[in-house]
Amino acid sequence: MAESQVKKRWRCGLLGLVGRCGLRSKRSTATNGSHKSTMSSSNASTACTPNIQFTKSPGIDLNAKKLQEHKVSPEPIQLPDQTQRPISNPSPNKNPNNQHLDNNGNQQESNNLEPVQQQAKKVPREAIGLSGELESMIIDNQKAKGINGSMVRASSGNVMLFGNLGNLKQPGTTAVGNKTNVQNNEERPTSLVAPTSVSDNQEQPGSLCREVSTRMDPETLKTMANEDYKNGNYVEALALYDAAIAIDPKKAAYRSNKSAALAALGRILEAVFECKEAIRMEPHYHKAQHRLAYLYLRLGEVENSIYHFKHSGPEADQEDVLKAKTVQTLLNKCTEAKRLRDWNTLIKETENTIASGADAAPHVYALQAEAFLKSLRHQEADDALSRCPVLDVEMSTKYYGPISSAGFLVVWAQVHMSSGRFGEAVEAIQRANKLDGNNREVSMVLRRAQAVMAARSKGNDYFKAGRFQEASAAYGEGLDHDSRNSVLLCNRAACLSKMSKFDRAVEDCTAALTVRPLYTKARLRRADCNAKLGNWESAIKDYEILRKETPEDEEVIRGLSETKEQLVKCQGHREMDQEVTD
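The structure presented is a predicted model; accordingly, all values stated were derived computationally and were not measured.

When its secondary structure is counted, the protein shows 24 helices and nine strands. Among the 582 residues that make up the protein, the fraction classed as buried is 44%. Taking the intrachain contacts of the protein between residues at least 6 apart in sequence as the baseline, contacts between residues at least 24 apart amount to 59%.

Quick look at the structure:
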C-alpha cells in the first residue's frame, strides 16, 4: 500500500502535488501505518495535468521573506511513517519526476524506487506554506543534482523551476518564432532548451519573475503593499496592489491605493485613471474622491478639483477649496502675462503656481520654459522642463487631447534644440505635427529643427575631414535658422580656433555661455583661446570656474596650472621692463 502510494506521488510529477487549485489531500494515520486519501481516484488522475497560467511580475524582486511570513498556512500535517518521501540521490539521467528520458527525448516511467523509510516524520510548520512540501522536494532534488535554479509560482499555486519554462526567453538565447537559437549550440525546440547557467555575481532570472499565488488573501497583499508604501518602496507597493487587483478586480480600495503609489512615482495621469475607476466602482468612496481632487489640483485642473473636494465628505475641509481657488487665481495671472508677452512676470507667476500646488501641470511648466526661451535663458528653460513629471505621449494625448499635447511637444522640441539634443527635438516636433498638422507654429518649428540638425551633421562631417573652413560655414548655415543655438556657436568656435582665429572663437563661446552658463565645453574652449591670445587673467577665471564644476578633470587642472605659470612669467617681464624704463 505504501509503496504504491509513493509511486503515485512521483508518477504524477512535481506539479501534481498542488495542481488542484491549491487543495491538499487530508491524510489520517492508522495503527497499522496505512492511510487513506480523501481524494477520489478520478481527482487523483486529473491532478497530474493541472491548468497552469503563468503571470509575469512587473520586474520587481519582492521580498521573499516577507511573502513567506504572510502566507496562509494550513494546519501542520503529521505524515504517516509509511508515506515518507524516499531520500535518495537521483542519478544524472533521471528527471525531477523520477522518470527516464529515452533517445528521442520522451519520458518513460521508472520502476526503480528506493525502499521507503519506516520512520515517522513531522513536517515543520514553516515548511508548509504555499506548496511548502513541494518546495522542499524541489530544493532537495536541486541539491542532489547540483542545480542552483530559481522557482516560479503559477497562479494555480503550482511551482516549477524557472529553467523548465521553455516558452520564456533564457539568458544567452534568442527567441525566434516557436524555436530558440542557443548560443554556441544548434537550433533545438524551445521545450528542450536547457537553462543557461548564471554566475554567482549575476542576478538569478527567477528573481525578476516572482509570482504571487492566487491562494494568498488579497487583503494580506494590500496590507503588505501599505507597509511598503509607508516605507517609501513605491515600486514594490505598486506590484503588490496589482497582485491584489488581479485576485479581486472589483475592490475599489485596491484601485485607490494603487493610484497613490502611481502618484508617488510621478505617474500622475495613470493615477487619475485608477482613482476614477475606484470612484466608478464606489461613487461614495470619500477617500478616493479626496485623492482625485488633489490629483486634479496638481494637474492644474481647478474646476475638477473643487468638484471632487465637495464630494469627498468628511475627508475635505474648507482649506482645500481655498487652496484650489488660489491656484486658479495664479493661473489667470499666467494667462494674462503670456498675452502681454511679459516674460519676466510669466516666469514669476508660473513659479508661484507650482509652489501653490500645481506641481504636476505640464502646461504650467511649458509656459515657464517658453518664457525662459524668450528671455534667452536656455539653461533655465531646460531645468524647468526637467522638473516636470515625465508624461507618456500616448497617455497625454488620451488625457489632454491631440491639440493640447501638440502644444506641449512644440515647447519640448524647442528646449531640446536649444540644448543641442537635435534628434530628440526632431522626434518631438514630428509627433506634434502628426497630432496637429494644421498648426502654423508646429510647421515652422519642424522646418527649423530639420534645418539646424542637417547643418550640424554636415558641419561635423567637414570637421572630421579636417576641412575647417567648410565646417565653419556649415555651422553658420544652422545659425541662420537659430542664431542663439549654443551647440552650433561652440562648434563654430572650434573651427575658428583650428584656423587660429582666436578672437572670433572667443566671441562665439561667449555667446554660447550667455544662454547656457553651465555649458562646460564652451567655457573650456574660451579659456583655451584666451590663453593662446595671452589673456591670462580671463583664462584663469574660466579655469577656476571649471575647477569648481569638475574638480577631477585633469585637463582643467593642467590648464589652470600652466596659465598661472604664464601669468607669473608675464608679470615678471613687465616688472623688468618697468625698471629698465625708469
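The next point concerns unusual backbone geometry. A positive phi is found at R341, a non-glycine position, where the angle reads about 55 degrees. For R341, the location among the structural elements is in the loop between α11 (318–339) and α12 (343–355). In the Ramachandran plot, S500 falls in the positive-phi region, its phi being about 65 degrees despite a non-glycine side chain. Classification of S500 by relative accessible area gives exposed; the value is 51%.

Inspection of the entire model under this criterion finds six aromatic pairs. When the centroid spacing of 4.9 Å and the interplanar angle of 80 degrees are considered together, the rings of Y399 and Y400 count as edge-to-face. Like Y399, the residue Y400 is buried in the burial classification. Aromatic side chains F463 and F468 sit 5.2 Å apart centroid to centroid with 65 degrees between the ring planes, which places their arrangement in the edge-to-face category.

Take α11 next. Relative to the 32 Å expected for 22 residues at 1.5 Å per residue, α11 spans 32 Å between its end C-alpha atoms, a close match to the ideal helical length. Looking at the buried side of α11, the elements it contacts are α9 (286–298), α10 (302–310), α12 and α13 (362–374). Regarding α11, its N-cap is D317, as a side-chain oxygen of that residue lies 3.2 Å from the backbone nitrogen of E319 further along.

As a further point, take the side chain of T563. Tracing the chain through its elements places T563 in helix α24 (residues 554–581). In this structure the side chain of T563 is engaged in a polar contact, spanning 2.6 Å, whose partner is the backbone oxygen of G559. In this structure T563 touches A531, W536, A539, I540 and Y543, once residues within four positions along its chain are discounted.

Let's shift gears to the state of the cysteines. The tally for this structure, following the rule as stated, stands at zero disulfides. Between C509, a cysteine without a disulfide, and C490, which holds the nearest cysteine sulfur, the sulfur-to-sulfur distance is 5.2 Å. You can call C509 buried: its relative accessible area is 0%.

Quick look at the nonpolar core now. Formed by 65 residues in total, the largest nonpolar core has its most connected members in L221, V272, L295, L299, L346, Y399 and V415. Sorting elements by how many residues they give to this core places α13 first, with eight residues. In contact with L299, other than residues within four places in its own chain, are I268, L269, V272, A360, A361, P362, H363, Y399 and Y400. Counting residues in each nonpolar core, the second largest holds 28 residues, with A413, M417, A425 and V442 among its members.

Below, the discussion takes up the pattern of salt bridges. Per the stated rule, a full pass over the model turns up 21 salt bridges. Across the salt bridge formed by D359 and R298, the nearest N and O atoms sit 2.9 Å from each other. Taken together, the residues D359 in the loop between α12 and α13 and R298 in helix α9 connect sequence positions 61 residues apart. Look at D359 and you get partly exposed, because its relative accessible area is 29%.

Here we come to the environment of R504. Mapped onto the elements of the fold, R504 is located in helix α21 (residues 502–515). Taking relative accessible area as the criterion, R504 reaches 43% and is therefore assigned partly exposed.

Right, let's get into the environment of R421. Its location among the elements puts R421 in the loop between α16 (402–418) and α17 (422–435). For R421, a relative accessible area of 25% corresponds to the partly exposed category. Those residues in contact with R421 that lie beyond four places of it in its chain are D382, V415 and H416.

Thresholds applied
- Residues numbered from 1 in each chain as written.
- Predicted model: local features only at pLDDT ≥ 70, side-chain atom pairs only at ≥ 80, totals over all residues.
- Heavy atoms only, no water.
- Helix = DSSP H or I, 4+ residues; strand = E, 2+ residues; numbered from the N terminus.
- Buried < 20%, exposed > 50% of the residue type's maximum accessible area, 1.4 Å probe, protein only.
- Contact = heavy atoms within 4.5 Å.
- Phe/Tyr/Trp six-rings, centres within 6.5 Å; stacked < 30°, edge-to-face > 60°.
- Expected span 1.5 Å × (residues − 1).
- Polar contact = N/O pair within 3.5 Å; in protein donor to acceptor, adjacent residues only side chain to side chain.
- Disulfide = S-S within 2.5 Å.
- Core = buried A, V, L, I, M, F, W, Y, C linked by side-chain atoms within 4.5 Å.
- Salt bridge = Lys/Arg side-chain N within 4 Å of Asp/Glu carboxyl O.

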